[in-house]
Amino acid sequence: MDPDIEPATRLADETATAEVAKSNPAPGEWTRQLCPGCNKSCKYYCAVCYLPIGAPLTVEVPRIRLPLQVDILFQDKQKKSTAPHGKVVAPDDIAIIPYPFPEESRPQYDAKEAVVVYPSIDAYVIDELEDLDSLKTLIFIDTPWQKAPTVLNDPALSHLRCVKLARPPLESKYWRYHSSGKGCISTIEAVHLLLVEYVAAKAQRAVASMTTVAPATPSCLDPLLFFFHLVHDHIMHTHKTDPKRQIDRAPMSEAEKERQRLMRSQKEAGRKRKLENKLAFKAQIAAEVEAGAADAWPKKKCFNCGARTHQARECLDVCRYCKVEVHFNGDCPMKGQRPARATKVTKAI
């Protein structure tokens, strides 16, 4: 990002590219090709090299400049994340930084010039920042939600302020299910919405200060969602046209998300019951060992009588082979002998 160019000036020339995002081509026009960088088969874009792949000749993939530098701290699956969408469209202003940071190349952020986008309790809204003109970098955390607090407490970020969306959407258009709720949005949606709020806040302050520089418009940032809408339309198109699929089973449909929630809750309940049974069994064995009913912790239960005080080869219950004599199963003369199979007789019809 060139710091000498005003954001409004840099974005004014990109207004025409906003129409490109609204006129995405049909999914069938894009082809799967080998990435020239990593030689992997990709469609739409390469999530490793951040290059557009397989675009038809009639479509121009937008390339825009952003009013701020965007650093995305990444610790997730590349094909699962939407962070590469922004890197392909705005390669000069979006950096995807792997986390954890290497010790030799830890980023250094100034508290006055960088903020972390995270909805903490003390997070600010973007237009509440008094030093908005000195802001240069937005830092996004693209990790599993459980790991986000750990990243936030990293020494490279712990001294920075947090900002959040003033008007978060009620529901994400992201096609992957997550159990954190409808209010959670994808990375590229968060980048787009926060930059829109930043541009709007800058425009309001420009009007208040009677600045003659024409402010940038939020529509200049619409190309950030170019690949997001493209993949979304591709999934919907597949579920509408493929006879083997159902439109109500599309991953972004509310019916499918509700089915996923029910399935996840059932799995979670099953894991909870399994853990409770395991703890109860350990408590029972510990009580038996303490009372002298069992000599030691058994490795396996007896498959003959079901007791857990011994194993099947030591069982003195009725033999599992002859079902008559009381002796070790391993000493039974019938062990290994299988009864002759009855010959099947096919009746003539």
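Our structure's up above, just so we're on the same page.
Being a predicted model, the structure only gives us computed values, none of them experimental. (Residues numbered from 1 in each chain as written. Predicted model: local features only at pLDDT ≥ 70, side-chain atom pairs only at ≥ 80, totals over all residues. Heavy atoms only, no water.)

Visitor: Could you clarify how one ought to interpret unusual backbone geometry in this entry?
Guide: Trans peptide bonds make up the majority, and among non-glycine residues the majority have a negative phi. In this structure, Pro-100 follows Tyr-99 across a cis peptide bond, with omega equal to 5°. Inspection of the secondary structure puts Pro-100 in the loop between strand 6 (94-98) and strand 7 (114-117). Not every positive phi belongs to a glycine, and Asn-39 is a case in point at roughly 65°. Here Asn-39 lies in the loop between strand 1 (33-34) and strand 2 (41-42). Overall, the relative accessible area of 55% leaves Asn-39 in the exposed class. Phi at Tyr-50 is positive, roughly 60°, even though this residue is not glycine. Relative to the helices and strands, Tyr-50 resides in the loop between strand 3 (44-45) and strand 4 (52-53). (Helix = DSSP H or I, 4+ residues; strand = E, 2+ residues; numbered from the N terminus. Buried < 20%, exposed > 50% of the residue type's maximum accessible area, 1.4 Å probe, protein only.)

Visitor: How should the nonpolar core be read in this particular structure?
Guide: It is characteristic of soluble globular proteins that their nonpolar side chains tend to be buried jointly. Leu-66, Leu-135, Leu-138, Phe-140, Leu-195 and Phe-227 are the most contacted members of the largest nonpolar core, which has 48 residues in total. When residues of this core are traced back to their parent elements, those giving at least two are strand 3, strand 5 (69-74), helix 3 (83-89), strand 6, strand 7, strand 9 (137-142), helix 5 (187-208) and helix 6 (226-241). The element contributing the most residues to this core is helix 5, with nine residues. Every residue in contact with Phe-227, bar those within four places of it in the chain, is listed here: Trp-30, Tyr-44, Tyr-45, Pro-52, Val-61, His-85, Val-88 and Val-89. Residues Tyr-99, Val-116, Ala-148 and Leu-152 belong to the second largest nonpolar core, which totals 17 residues. (Core = buried A, V, L, I, M, F, W, Y, C linked by side-chain atoms within 4.5 Å. Contact = heavy atoms within 4.5 Å.)

Visitor: Just checking my understanding: could you explain the pairing of strand 10 (residues 161-164) for this structure?
Guide: Consecutive side chains along a regular strand alternate between the two faces of the sheet. Of the pairings in the sheet, the one linking strand 7 to strand 10 comprises three bridges and is parallel in character. Residue pairing across strands places Val-116 opposite Cys-162, the latter belonging to strand 10. With two bridges connecting them, strand 8 (residues 124-125) and strand 10 associate as parallel partners. Looking across to strand 10, one finds that Val-125 is bridged to Lys-164. (Pairing = 2+ DSSP bridges.)

Visitor: Looking at this model, I keep getting lost on a positive patch on the surface. Mind explaining?
Guide: Positive charge collects at one region of the surface, where Lys-77, Lys-80, Arg-264 and Lys-267 lie side by side. Summarising the element assignment, Lys-267 is placed in helix 7 (residues 254-291). Judged by its relative accessible area of 46%, Lys-267 falls in the partly exposed class. (Patch = residues over 30% accessible without salt bridge, like charges linked within 9 Å, V, L, I, M, F, W, Y side chains within 5 Å. Areas by Shrake-Rupley, 256 points an atom, 1.4 Å probe, with all protein chains shown as cover. Salt bridge = Lys/Arg side-chain N within 4 Å of Asp/Glu carboxyl O. Lys, Arg positive; Asp, Glu negative; His and termini not counted. Charge placed at Lys NZ, Arg CZ, Asp CG, Glu CD.)

Visitor: Where do I start with the packing of aromatic side chains in this structure?
Guide: Each aromatic ring pair is summarised here by two numbers: the centre-to-centre distance and the angle between the ring planes. Taken as a whole and judged by the stated rule, the model has six aromatic pairs. Ring centres of Tyr-45 and Phe-227 lie 5.4 Å apart, and the angle between their planes is 65°; on these two criteria the pair is classed as edge-to-face. One end of the pair, Tyr-45, is in strand 3; the other, Phe-227, is in helix 6, with 182 residues separating them in the sequence. Comparing Tyr-45 with Phe-227, the two get one shared label, buried. Arranged with centres 5.0 Å apart and planes meeting at 85°, the rings of Tyr-99 and Phe-101 form a pair that is edge-to-face. Residues Tyr-99 and Phe-101 agree in their burial class; the two are buried. Of the aromatic side chains, those joined through ring pairs into one cluster are Trp-30, Tyr-44, Tyr-45, Phe-226 and Phe-227. (Phe/Tyr/Trp six-rings, centres within 6.5 Å; stacked < 30°, edge-to-face > 60°.)

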